[in-house]
Amino acid sequence: MSTLKADTIQSTGGGAATLTKQNAAKSWVRFNGSGTAAIDDSFNAASLTDYGTGEFSYAYTNSMANANYTISSFARDTASTGYDRAVLFQSTNNNSGLLSTAGVGGFCSTWTGSGNWSAGTDAPRLGITVHGDLA
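Residues numbered from 1 in each chain as written. Predicted model: local features only at pLDDT ≥ 70, side-chain atom pairs only at ≥ 80, totals over all residues. Heavy atoms only, no water.

A. Up close: the nonpolar core. Formed by 16 residues in total, the largest nonpolar core has its most connected members in Y58, Y60, L126, I128 and V130. At the level of secondary structure, the elements contributing two or more residues to this core comprise β1 (27-32), β4 (55-60) and β9 (125-131). (Core = buried A, V, L, I, M, F, W, Y, C linked by side-chain atoms within 4.5 Å. Buried < 20%, exposed > 50% of the residue type's maximum accessible area, 1.4 Å probe, protein only. Helix = DSSP H or I, 4+ residues; strand = E, 2+ residues; numbered from the N terminus.)

Listed below in structure tokens is the structure:
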């Protein structure tokens, strides 16, 4: 058996190597969704679009093979409001919640504690991770 040791693996073009048919995350983004939405850090995320309060989408740099991938997400408030937040992936006014090969979007909502979710709410810390196959 051989052992491969490397500090850096690059593509033949000199950039980051693209993972395909592996179980590593194919895209992830962490962004500030309060005020003017902005990406804090990311992998395979080309751009972020803010459609209004609590509604956003982001485009992949490299497309997914199909829309049959999985996503996980988080939303967090820095204030101690006592409310939980969630990122919901559903068709919204801008269809930003639909999964596509080019990107994904969501709708950040807050649990009001009265048995329902509020309308869209901004959150200062949001993140999405995507697992599936790249095109």
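B. Molecular detail of the side chain of S27. Structurally, the position occupied by S27 is in strand β1. One polar contact links S27 to Y58, side chain to side chain, over a distance of 2.9 Å. Sequence-distant contacts of S27, defined by excluding residues within four places in its chain, comprise F43, N44, A45, Y58, Y60, I128, T129 and V130. (Polar contact = N/O pair within 3.5 Å; in protein donor to acceptor, adjacent residues only side chain to side chain. Contact = heavy atoms within 4.5 Å.)

C. Structural detail: the sheet that holds β1. Strand order in the open sheet formed by 4 strands is β2-β1-β9-β5, and the pairing between neighbours is antiparallel. Edge strands, defined here as strands with exactly one partner in the open sheet, are β2 (38-43) and β5 (70-76). Each strand axis lies, on average, 10° off the axis of its neighbour in the sheet, ignoring direction. Relative to β2, β1 runs antiparallel, the two being bridged by 5 bridges. Its bridge partner being in β2, F31 is matched across the sheet by I39. (Pairing = 2+ DSSP bridges. Axes fitted to C-alpha atoms, helices over the stretch in contact; angles between N-to-C directions.)

D. Fine view of the pairing of β4. Along β4, 5 of the 6 residues are buried, which leaves the element largely enclosed by surrounding structure. Bridge count for strand β3 (residues 45-52) against β4 is 6 bridges, and the pairing is antiparallel. Looking at β4, one finds that S47 is bridged to A59. Between β3 and β4, which pair antiparallel in sequence order, lie 2 residues; one of them, G54, sits at a positive phi of approximately 75°.

E. The arrangement of the environment of K26 in detail. Looking at where K26 falls in the secondary structure, it is placed in the segment before β1. Residue classification places K26 among the buried residues on the basis of a relative accessible area of 2%. The sequence separation of K26 and Y69 amounts to 43 residues, and the corresponding C-alpha distance is 9.9 Å. Within the structure, K26 has its side chain in polar contact with the backbone oxygen of A24 (distance 3.1 Å). A polar contact of 3.1 Å, which involves the side chain of K26, links it to the backbone oxygen of G132.

F. Spotlight on the pattern of salt bridges. Summed over all chains, the structure comprises 1 salt bridge. Between R30 and D40 there is a salt bridge whose closest N-O contact spans 2.9 Å. Of this pair, R30 sits in strand β1 while D40 sits in strand β2; the two residues are 10 residues apart in sequence, bridging distant segments of the chain. Since its relative accessible area comes to 31%, R30 is described here as partly exposed. (Salt bridge = Lys/Arg side-chain N within 4 Å of Asp/Glu carboxyl O.)

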